[in-house]
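Below are the chains, spelled out letter by letter.
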Amino acid sequence: MEITFRWYGENDPVTLENIKQVPVLKGIVTSFFDIPIGDVIPYETIIDRKRKIEEHGLRFSVLESINVHEDIKSGKPTRDKWIANYCESIRNMGKAGIKILCYNFMPVFDWTRSDLNRELSDGSHALSYQAKELQSLNIEKLSKMDLPAWVPYSFDELKQWLALYQNISEETIWSNLAYFLKKVIPVAEEAGVVMAIHPDDPPVSVFGLPRIIRSFEALKRLTELVDSKANGITLCSGSLGPNKNVDLPKAIRYFGEKGRIHFGHVRNVNRLPSGEFDFHEAAHVSSSGSLDMYEIMKAYADINFQGPIRPDHGRKIWGETGLPGYGLFDRSLGAMYLAGLWEAIIKK
Ligand code: DNO
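Here the structure is a predicted model, which means the values were calculated and not measured.

Caption draft 1: Highlighting helix H7 (residues 155–165). All buried positions along H7 are accounted for by Leu158, Trp161, Leu162 and Tyr165. One side of H7 carries all its buried residues, which in axial view fall inside an arc of 100°. Residues of H7 that are buried sit in contact with helix H3 (70–74), helix H6 (139–143) and helix H8 (170–191).

Here you go:
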């Protein structure tokens, strides 16, 4: 297992110098969100980033992510052009030696929260999701929320996309995902790249949008759309965690034994009684939330997982400001905790 850390590039308030000082971190997970969605990510751009990371003694482990154009997800006739660009980006990353691509197929919004500043009992602040609270947010407010990785749609674009998806069923999204994968997986195979879909976060429809990757069964169906190792998963404990029907250690063993987990996001959530999928994010340790992090890491050890994992969102602690969920301090605590669990498990 390689413990990695997400870094948003030059504009990230967290620097590579900071990351390098967390002893267990060896790999970097990064992206190119300044390139407009749908455009090809040039080879030179990837190589430049790789060089910069390596200058700090770290490794460019995962590209998370290349956002999928809305025309592809919604199945517009123009999708082929965007898929061709996507394939070109995959070829470029393969050529640059970057082997893992994390992506998602969530319409319009990537991960979604209703509160970015929920105060916890210890005075720290965390992100949270409560269905009722989200309903009370109007689209204008939401368009300003701007979580890291969101496509920066304008208010008008958001309104248009939301309207368009009202007539698109979950089954249509499944067939659009199959269409996409049938084109990109052969290219990924040839480029030596594996694709790793990120589950929908939270694992429930938001604003009536058709979201499909939110359960064990959905992940199984995904892996069956194209029977290739290159068609894999980012197993995100925090995204699936609010769905209490997902047995995370079982899912890790099931998909791990099939060689389909290429990347792990390992974080804890605290399920809330206010609604079926409501939760607030928690510190990584088991005692802070609803998930048994030891069992999760044990499952990774049982499948002899050699790939990258990363601590995921952190709380805001010690007065830190910065990108929601992506500060330095709490994620570093998370990384150290996961490394400790791992060392203890594999030395047994
Ligand atoms: C949120 C992240 C997601 C993830 C994308 C992958 O913190 O886990 O934004 O990167 O869904 O495409």
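Caption draft 2: Summary view of the pairing of strand S3 (residues 59–64). Judged by how many residues are buried, S3 sits mostly within the fold: 5 of 6 residues are covered. Where strand S2 (residues 27–30) lies against S3, 4 bridges are found, and the strand directions are parallel. By the bridge assignment, Ile28 is partnered in S3 with Phe60. In this view, the connection linking S2 to its parallel neighbour S3 by way of helix H2 (residues 43–55) has right-handed handedness. Alignment of S3 against strand S4 (residues 100–103), held across 2 bridges, turns out to be parallel. Bridge assignment links Leu63 to a residue of S4, and that residue is Leu101.

Caption draft 3: The arrangement of the nonpolar core in detail. Core analysis: the largest hydrophobic core is formed by 109 residues, its most contacted members being Leu177, Phe180 and Tyr300. If you tally residues by element for this core, the top one is H8, at 11 residues. Core analysis: the next-biggest nonpolar cluster, separate from the first, contains 5 residues, Val29, Val62, Ile100 and Cys102 among them.

Caption draft 4: Layout of the environment of Thr223. Position of Thr223 among the secondary structure elements: in helix H9 (residues 216–225). Judged by relative accessible area, which is 7%, Thr223 ranks as buried. Spatially, the C-alpha atom of Thr223 lies 9.6 Å from that of Lys258, the residues being 35 residues apart in sequence. Here the side chain of Thr223 touches Lys220 through a polar contact of 2.7 Å, landing on its backbone oxygen.

Caption draft 5: Here's a closer look at the side chain of Asn67. Take Asn67: it is sitting in the loop between S3 and H3. For Asn67, the side chain forms a polar contact with the main-chain oxygen of Ala149, separated by 3.4 Å.

Caption draft 6: Spotlight on the site of the ligand. Around the ligand, a shell composed of 15 residues is seen, among which Glu64, Asn104, Asp110, His313 and Tyr326 lie nearest. One of the side-chain nitrogen or oxygen atoms of Glu64 is found 2.5 Å away from an oxygen atom of the ligand. The separation between an oxygen atom of the ligand and a polar side-chain atom of His198 is 3.1 Å. Look at the ligand: alone it shows 330 Å² of surface, and the protein chains cover 100% of it. Residues that form the shell around the ligand fall into these classes: 6 nonpolar, 5 polar and 4 charged.

Conventions used here
Sequence positions are assigned chain by chain, starting from 1 and proceeding in written order. Per-residue local features are limited, in this predicted model, to residues with pLDDT of at least 70; the limit for side-chain atom pairs, both in listing and counting, is 80 or more; totals at the level of whole chains, interfaces and linings are taken over all residues. Calculated side-chain values reflect all of the structure's heavy atoms, with hydrogen atoms and water omitted. For the exposure calls, accessible area comes from a 1.4 Å probe over protein chains only, and a residue counts as buried if that area is under 20% of its type's maximum, exposed if over 50%, partly exposed in between. To qualify as a helix, a DSSP run of H or I must reach at least 4 residues; to qualify as a strand, a run of E must reach at least 2; elements of each kind are numbered from the N terminus. It is the directions from the helix axis to the C-beta atoms whose arc is reported. Contacts were defined at the residue level, with two residues in contact if any of their heavy atoms lie within 4.5 Å. For two strands to pair, DSSP has to find at least two bridges joining them. Note on handedness: a clockwise path from strand one over the helix to strand two, with the strands aimed away from the viewer, defines a right-handed crossover. Residues belong to a common nonpolar core when they are buried Ala, Val, Leu, Ile, Met, Phe, Trp, Tyr or Cys residues joined through side-chain atoms within 4.5 Å. The definition of a polar contact used here is a pair of N or O atoms within 3.5 Å, where within protein one atom must be able to donate a hydrogen and the other to accept one, and adjacent residues in sequence count solely through side-chain atom pairs. By convention in these notes, a residue is near a molecule or strand provided one of its non-hydrogen atoms lies within 4 Å of it. Reported accessibility uses the Shrake-Rupley method at a 1.4 Å probe radius. Residues are deemed covered only where the shown protein chains occlude them. Each residue gets one label: Ala, Val, Leu, Ile, Met, Phe, Trp, Tyr, Cys and Pro are nonpolar, Asp, Glu, Lys and Arg are charged, and the others, such as Gly, are polar.

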